[in-house]
Structures are given as C-alpha cells and as structure tokens.
Protein chains: 2
Amino acid sequence: MAWRLVCPRCGFRGEEGRYYHRCPRCGSPLEFEGERPRYGRLLGEGSTPLVYRETPLGPIGFKLEYVNPTGSFKDRGTAYSLQLARDLGYRCVVEDSSGNAGISTAAYASFLGLEAVVAVPRTAAPSKKSIIASLGARVVELDSREEAAKYAEAMAGRCFYVAHSVSAAFLEGMTSAGREVPEGSAVVVPSASFSLFLGIWRGSGGKVRLYAVQGVQNATLRGLVEPIAVGSGSTSSLADGLVLPSAPRAQEAADAIRRSGGGLVLVSDKEIAEATRDLWSMGLMAEPTSASAYAALKLLREVGVDVGGFIAVLTGSGLKFYDLVSRIRTLT
Amino acid sequence: MAWRLVCPRCGFRGEEGRYYHRCPRCGSPLEFEGERPRYGRLLGEGSTPLVYRETPLGPIGFKLEYVNPTGSFKDRGTAYSLQLARDLGYRCVVEDSSGNAGISTAAYASFLGLEAVVAVPRTAAPSKKSIIASLGARVVELDSREEAAKYAEAMAGRCFYVAHSVSAAFLEGMTSAGREVPEGSAVVVPSASFSLFLGIWRGSGGKVRLYAVQGVQNATLRGLVEPIAVGSGSTSSLADGLVLPSAPRAQEAADAIRRSGGGLVLVSDKEIAEATRDLWSMGLMAEPTSASAYAALKLLREVGVDVGGFIAVLTGSGLKFYDLVSRIRTLT
C-alpha cells in the first residue's frame, strides 16, 4: 500500500499501510499521506436526496442524510472505515457512541462478517441500544460518554477503533457529502464530532459557506467562535447527537467556519422541539438532532440573516425515536 | 391531458384527464390509455441499493427498498399518486393502511402541502399509528381492515384515494422498481396488494422470474396458484404488511407468476421470526414483513430450488418496529 498516516501537529509519520485512529505520540488527528484507499458504495450509503421545499423561512434545501442504509450520515464514514478494517485483516471493530455511529458500525460490521463491540453511556436512548444489539453487536454500557470512549480506546489495536470524532479514515468517508452539495451553497450542519462538517468542507473543496449547530449545553466551539445566534433555553438534551465530551477537530472546524464566512448557532430544547414538529409536519421524518439544523435556520432568520436557499442537513432518521417524536408532538 | 383510465374488464372508458381509483362501473382495476403523466423523484424515492452478500444459501442480492424516504417501497407509488393528485387540483388525500402505505401517504401529503386522512384498523402497530400522526395526518381508527377500506372509499371523490391495492396510478409509480433489477433475475417479493410485485413485472418488461411470498394466514393467491413451499406454522401475524382483506390484482399476479416461471411461497411466524434475526445479524435492518422474503428463500432451498443469485426484496424498515425486532431477537 502506498499510503501512511502522518501527524500535522507533532510530525509523527506512521508505518506504510498501518492504521492508527489518532497520533500515537501526541493524540492529535492524523492525515493520509500518499494515495489513500478508494472504496465504492457498500450498502448503498451516500448519494442522498437533496430536496427543496417552500417553508415559512423561504425555499430551503433539505439534504436527507437519514435516507442512508442505517438511517444516518454516519454510514459514509463507517462504510469507508470498515472496508479499510477488513482489508487490513482486522476481525473485529469497536466504537463508542451514543447511538447513530454505534448502529452504523454494528450494521456494517455484520454485513462484512466482522465482530463489533459498541461502548455506550448508560444514558443512551434505549431504542438505539436495542437496535445495536439486534444488529448482532455486543453492547457494553458504561457510566458516561467519557468512560465509553476510554473503553473503546483500550480495545483499539486488537480491534479496529472507528473513532469517528478523530479518525482520518472516517473523515475520508465523510468527504462524499461535500461532493453532493452545489458549489457556493450555505449549509447548516448539526455538529458534535465535526466529521460531517469537515467532510463537507473538504469534499466541497472549501466552496461552501458553513454554519455549525451545537447544543447550548455542549458547545465545544464556544471560546473558539462567537455564536451568531443563541436559543432561548439553557438545556439541549433532546439532541443526543450533539453530545460529545471532546472534539479533537474543533479547532479545524472553527477555522473552516471563519474561512467559509459562515458561523455558529447554539440551540436549546425549546427550539429543537418546535423544529422537530415543523419538519415532521413537512413530511421530513428527522430525529431531533437533525431538527436542530432547522431550528438554527429560524434563529438565523431572527437575527436578520436571509436564509432563503440555505441547505439544512438532516443527519438522522426519527424512526429510531418515534416514541420521543410522538411525545414532542403532543407537548404544547 | 392526453390520458384517460379505461377498464379492461367491462370496457368502461373514463373522462379524459379524470382520476378514478377503480372502475366506477364494475369495481375492477383500471389501466391508463394514452400518454400517462411522467414524474421525477420528489423526496428521493426509488433508485434503491441492490447489494449482494454471501449467505448460508449462497450469494443473495438484497434490494433495499427500506432505503426510501419513509422507509418502504410504498414511496414509489405514493410519490407518483400524490403528484398526480396535486396536479389534478385535489387538496386532500385519503388512504387505508395497516402501516407503511399510511406513513408514506402522510409524509408525501405533508411535503406537498396536502391534507391527509389515514384509516387504520385498531390492531395496527402502535408505532406506525404514532408515526402517521406525527407526520400531521389525521388517523382514523376502525374495527377492521375492511372497515378502514370502506371509510376511505366513502371519502374518495372529495379527496384523492390512494388505494394502493387497485389504483392504476399507484402501480405506475411502482414500475420504477422493475427497471432497477437486472434482466433475467429471479426476484422474491413479499406480496399482499401486488403493487410491488406487478410493478416489478411491468417495469422489467416481464423479463424476470417472480416469486410471491404470502403469509399462511392471509394467502389471497391460494386457489389461484399452488404453493411451491409452505412454512411449518399456522399463523403469520408478525408480518403485518402481508395482511390485506382483498387483492383486486390477485388474478393478474397469478398470471405473472405462471408466465414468469416463478412460484408462490407461504411463510409462517416461525420462519419469519428466524429470518428477521438472520437479516439483522447480516446488518440488514428489515421489518418482519421484508424478512418473509428471506424466509421464502430458505423454504425454496429446502424443496430443492438453487437460490444462489436470487434477489430478495426487503420492502420496509425495521426501525418502525425496533421494539418488535428486539423481542423477536430474544425469543429462542
């Protein structure tokens, strides 16, 4: 193989053809050097619909990442990562996740005949844990998201660690999303690990304006980027996909926001619940995390940004959460 | 408009450009005459993945109809039907359904800004009813599938009645599925209304070998076609998508089976539960109705049919049912 992984931060250069989920010397995200492996679609991931609809905010493009084989954008990154794992001879994979990355890892591992272990925080949605187990993965429950990450980290090496928030392979898989949005678009992306955010940035060749959406409670970009708009509540627990203890690529994301001319929007449960109802009543069955993109559009509009023609990325399927959506719908 | 609907059975000829969900004179399915309307993709329906995987039965192709915007093949037919409804000036649509057709109708109606009423039997899966309501449709519960059909029929005229088991428009939308399977394939299709079955038959130009799968309890083809293989149990309640009180296109389906050189397979809960577990452990998150296609392959293999290279159509997403799948998984 003609590729290796290198660390832009400390200069570490990996062995040719050897995978490291992060820099073994300084812990930073790595980058491919040389020709990275190329993979086609495995289970039909990617090439998701981009549909425009008239809304009270003007015409909005919805990039339906929930129309992926396991119902989330994560399929792009796991498909790439697990094909690489298979080619490198790994027999098992491990991932820490609150939900979608775990479901995606479990499905692709089972499709490829690899064993999968998914470490989840005890607080993860029961529906998502149940789906992961039904896909044949071993679900290991830990006290927190941090403990889950540590558990997965400890298994790395023996098993291929997907590590979606830091891995160069996962990010490589995500770049396909950036090749599917029109040049010059303004794109609003729910962002915790920044894999989708940076995948769109890199895949588009930097030719989009990017808005990152985070929860008011878990805004890892706070301190790096001044938010343009902030929701009115103080909690953002409805959007489980926005929760991540650490975001190794936060600085890179902050730079992309600045260079793209976009911004940061922080949303709270109040806006997320309302946006979830809005999307479902437009026929878009997104999960609350995805709905945060539409919530952000509404907040942007309130502070005077003309959001007509903007693209909202709907990252995950609300079917994984229909019970929650149904409860949200009946809230007044 | 240059089209009209005509009845091959009694000779009824509709007014030009007027929609009838079935023959107003004899009740039979109608056919388009002249140039039928053409529609593109609306929410990204169709063009679903076809993936091959090695299984204990040999290499099997899985046509992932659950990777559609609302998680089922029905999106092909409702997308076509509701675009027609909009163009004809209807402001509301009605459908009777135990689940997937109702979800799909609700979503497309909301996307197009049409009102939707979905009549369901009280016994419909609570998850599916909840999803339909969350999509903004009015859910009307009736005592049985028959009563639901009567209710929808009574609203037809004022509202556009989708009527997926009989409508020429719905079937027209389904033909895209037939253009997506390779010529000469053997295709195994869970079949209640025969809209998908006949859509594949017509769309492929009759160039496939078709196997219909029905539940032992609800086999509307019994009496028309001798089954090749029959499951070992007497109930088939797990596959709600196989339940339909009447199948106006059953004779047409029986003819297609004969002409294609295929056959009929009847499955029971025992095989459906096992096949659901099999599919999920291959990373294919299908609902039990879809799993009946894989159950049928296993039964065909048992009676000596070489099913290597066959295509199983996975019609609907198991995410709508993760609670049920999880219970099935833990059954011994």
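Here the structure is a predicted model, which is why all the values come from computation and not from measurement.

A. Spotlight on the pairing of strand β6 (residues 115-121) of chain B. Residues and elements named next belong to chain B. For β6, a buried count of six out of seven residues is recorded, marking the element as mostly surrounded by other parts of the structure. Pairing of strand β5 (residues 92-96) with β6 involves five bridges; the strand directions are parallel. Within β6, the position partnered with valine 94 by the bridge is valine 117. Crossover β5 to β6 through helix α2 (residues 100-112) is right-handed. Judged from the five bridges that link them, β6 and strand β7 (residues 138-142) form a sheet pairing that is parallel. When the bridges of β7 are listed, valine 120 appears paired with glutamate 141.

B. Spotlight on the interface of chain B and chain A. Contacts between the two partners involve 39 residues from chain B, matched on the other side by 38 residues from chain A. Taking both partners together, chain B and chain A bury about 3,100 Å²; carbon and sulfur atoms supply 67% of that area. Remark: the boundary between chain B and chain A carries zero salt bridges. Counting the contacts that link chain B with chain A gives six residue pairs in polar contact (both at pLDDT 80 or more).

C. Inspection of the sheet that holds strand β5 (residues 92-96) of chain A at higher detail. With parallel pairing, four strands are arranged side by side in an open sheet as β7-β6-β5-β8 (chain A). The strands lining the two open edges of the sheet, one partner per strand, are β7 (138-142) and β8 (160-161) of chain A.

D. Inspection of the relation of the copies chain B and chain A at higher detail. Each copy superposes on the other: chain B lies on chain A with an RMSD of 0.0 Å after a rotation of 180° and an axial shift of 0.0 Å. Within this description, the copies of the chain are treated as partners about a two-fold rotation axis. Interface overlap between copies: 97% of the residues of chain B at the interface are likewise at the interface in chain A, consistent with a symmetric, same-surface contact.

E. Layout of the side chain of B:Ser195. Residue and element names in this part refer to chain B. Relative to the elements of secondary structure, serine 195 occurs in helix α6 (residues 195-203). A relative accessible area of 3% means that serine 195 is categorised as buried. Look past the residues within four positions of serine 195 in its chain and what remains in contact with it is Phe73, His164, Phe170, Leu171 and Met174.

F. View of the packing of helix α3 (residues 126-134) of chain A against helix α10 (residues 322-330) of chain B. The geometry of α3(A) relative to α10(B) is characterised by a closest axis approach of 9 Å and an angle of 45° between their N-to-C directions. Between α3(A) and α10(B), the crossing angle belongs to the class labelled oblique. Our pair here, α3(A) against α10(B), has a crossing hand that is left-handed. For the pair α3(A) and α10(B), the contacting residues are A:Ser127, A:Ser130, A:Ile131, A:Ala133 and A:Ser134 in the first and B:Tyr322, B:Val325, B:Ser326 and B:Arg329 in the second. A per-class count over the contact of α3(A) with α10(B) returns four nonpolar, four polar and one charged.

G. Main features of the state of the cysteines. Residues and elements named next belong to chain A. On inspection of all chains with the given rule, the structure shows two disulfides over all chains. With its sulfur 2.0 Å from that of its partner, cysteine 92 forms a disulfide with cysteine 159. Here cysteine 92 and cysteine 159 share a disulfide; its torsion about the S-S bond, -95°, makes the bridge left-handed. Here cysteine 92 is found in strand β5, whereas its partner cysteine 159 is found in the loop between α4 (145-155) and β8, with 67 residues between them in sequence. Taking relative accessible area as the criterion, cysteine 159 reaches 2% and is therefore assigned buried.

H. Spatial organisation of the domain arrangement of chain A. Per the domain assignment, the segments making up chain A are domain 1 (1-36) and domain 2 (50-72 + 175-330). Here the C-alpha centre of domain 2 of chain A lies 30 Å away from the C-alpha centre of domain 1 of chain A.

I. The UniProt feature "domain: Tryptophan synthase beta chain-like PALP" (unreviewed entry) in chain A, seen in detail. Taking the numbering used here, the UniProt-annotated feature "domain: Tryptophan synthase beta chain-like PALP" (unreviewed entry) corresponds to residues 43-301 of chain A. Secondary structure across residues 43-301 of chain A comprises 40% helix and 20% strand; the distance between its end C-alpha atoms is 38 Å.

J. Representation of the packing of aromatic side chains. Residue and element names in this part refer to chain A. Counted according to the given criterion, the structure contains 16 aromatic pairs over all chains. Measuring from centroid to centroid gives 5.3 Å for tyrosine 90 and phenylalanine 160, while their planes differ by 85°, and the two rings are edge-to-face. A residue pair is termed long-range when its members are at least 10 positions apart, and tyrosine 90 in the loop between α1 (74-87) and β5 and phenylalanine 160 in strand β8 qualify at 70 residues. For phenylalanine 160, a relative accessible area of 0% puts it in the buried group.

Calculation criteria
- Residues numbered from 1 in each chain as written.
- Chains lettered and ligands numbered in written order.
- Predicted model: local features only at pLDDT ≥ 70, side-chain atom pairs only at ≥ 80, totals over all residues.
- Heavy atoms only, no water.
- Buried < 20%, exposed > 50% of the residue type's maximum accessible area, 1.4 Å probe, protein only.
- Helix = DSSP H or I, 4+ residues; strand = E, 2+ residues; numbered from the N terminus.
- Pairing = 2+ DSSP bridges.
- Right-handed = clockwise from strand over helix to strand, strands pointing away.
- Contact = heavy atoms within 4.5 Å.
- Buried area = accessible area lost by both parts, 1.4 Å probe.
- Salt bridge = Lys/Arg side-chain N within 4 Å of Asp/Glu carboxyl O.
- Polar contact = N/O pair within 3.5 Å; in protein donor to acceptor, adjacent residues only side chain to side chain.
- Least-squares fit on C-alpha atoms with pLDDT ≥ 70 in both.
- Axes fitted to C-alpha atoms, helices over the stretch in contact; angles between N-to-C directions.
- Parallel < 35°, antiparallel > 145°, perpendicular 65-115°, else oblique.
- Left-handed = near helix turned anticlockwise from the far one by under 90°.
- Nonpolar A, V, L, I, M, F, W, Y, C, P; charged D, E, K, R; others polar.
- Disulfide = S-S within 2.5 Å.
- Domains from an automatic or database assignment.
- UniProt positions renumbered as here; feature names shortened; annotations may be inferred.
- Phe/Tyr/Trp six-rings, centres within 6.5 Å; stacked < 30°, edge-to-face > 60°.

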